[in-house]
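Understanding the architecture of this molecule
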Amino acid sequence: MKKLYQILATIVLLLIAACSSDDNASTTSTPDEATGIYTLAAVNVSPAQDVNEDGSSSTNLLEEMSCLSGTLTLNADASWRLTLVRLNVTSITGGQFFIECSDSDSSSGTWTNSNGQISLNGSFEPTVYLLSSNTLTRQLSEELPGFQSIVFEKQ
């Protein structure tokens, strides 16, 4: 009889453990919703800059610099590749900066999607982008010249 109680107690414990829920568990989205090719849509700065010296300032450097471009590819096999034109930034005065395009830089690695947070992993700390519809946004808070965010749109 004692053996039967031990078996029943074990079964009950297994059932309780199997049925318990973890409210803090993260849900991983399917990679299909994020996979694709994204092109650079915005490099947002504050304050607005007049990099091309046409008399009109903008908070989006893509409106000021025709040489600025980038492509981010998220593959279904969880690999990614980013090609992005680098920027050289020199402070002028009064919150204005001299910004010019440099050469193109490429990097790659693996990615994960957890609740719409796309984490790019490579030979550096993970970089997190927020996925919203067909847009990936990386929030920044860098000074000089106050880079706010980088935005990619799915093609």
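Please refer to the structure higher up on the page.
Model, not experiment: these values are computed from the prediction. (Residues numbered from 1 in each chain as written. Predicted model: local features only at pLDDT ≥ 70, side-chain atom pairs only at ≥ 80, totals over all residues. Heavy atoms only, no water.)

**Concerning the overall build of the chain**
Here is the rule: Here a helix means four or more residues in a row that DSSP labels H or I, a strand means two or more in a row labelled E, and each is numbered from the N terminus. Here, two residues are considered to be in contact whenever any of their heavy atoms come within 4.5 Å of each other. Residue-level accessible areas treat just the shown protein chains as cover; the underlying method is Shrake-Rupley with a 1.4 Å probe.
From N to C terminus, the chain includes 1 helix and 9 strands. Taken from N to C terminus, the helices and strands of the chain fall in the order α-β-β-β-β-β-β-β-β-β. Sequence separation of 24 or more characterises 48% of the internal contacts of the chain that already satisfy a separation of 6 or more. Surface accessibility of the chain: about 9700 Å² in total, with carbon and sulfur atoms responsible for 51%.

**Regarding the nonpolar core**
Buried together is how nonpolar side chains tend to be arranged in soluble globular proteins. Rules: Buried Ala, Val, Leu, Ile, Met, Phe, Trp, Tyr and Cys residues that are joined via side-chain atoms within 4.5 Å together make up what is termed a nonpolar core. Throughout, exposure labels follow a simple rule: accessible area from a 1.4 Å probe, protein chains only, divided by the maximum for the residue type, with under 20% read as buried, over 50% as exposed, and the rest as partly exposed.
Counting 26 residues, the largest nonpolar core has L61, L72, L74, I118, L136 and F152 as the members making the most contacts within it. Elements represented by at least two residues in this core include exactly β1 (36–49), β3 (70–74), β4 (79–91), β5 (97–114), β6 (117–121), β7 (127–132) and β9 (147–154). At 4 residues, the largest contribution of residues to this core is made by β1. Once residues within four sequence positions are removed from consideration, L72 is found in contact with G36, I37, Y38, W80, R81, L82, L120, L136 and F152.

**Regarding the state of the cysteines**
Put simply, the test is: When two cysteine sulfur atoms are found within 2.5 Å, that pair is recorded as a disulfide.
Applying the stated criterion across every chain yields a total of 1 disulfide. C67 shares a disulfide with C101; S-S distance 1.9 Å. Between C67 and C101, the disulfide has an S-S torsion of 80 degrees and is therefore right-handed. Of this pair, C67 sits in the loop between β2 (58–60) and β3 while C101 is found in strand β5, placing the two residues 34 residues apart along the sequence. Here C67 falls in the partly exposed class, since its relative accessible area comes to 39%.

Function cannot be inferred from these measures alone, as they are strictly geometric.
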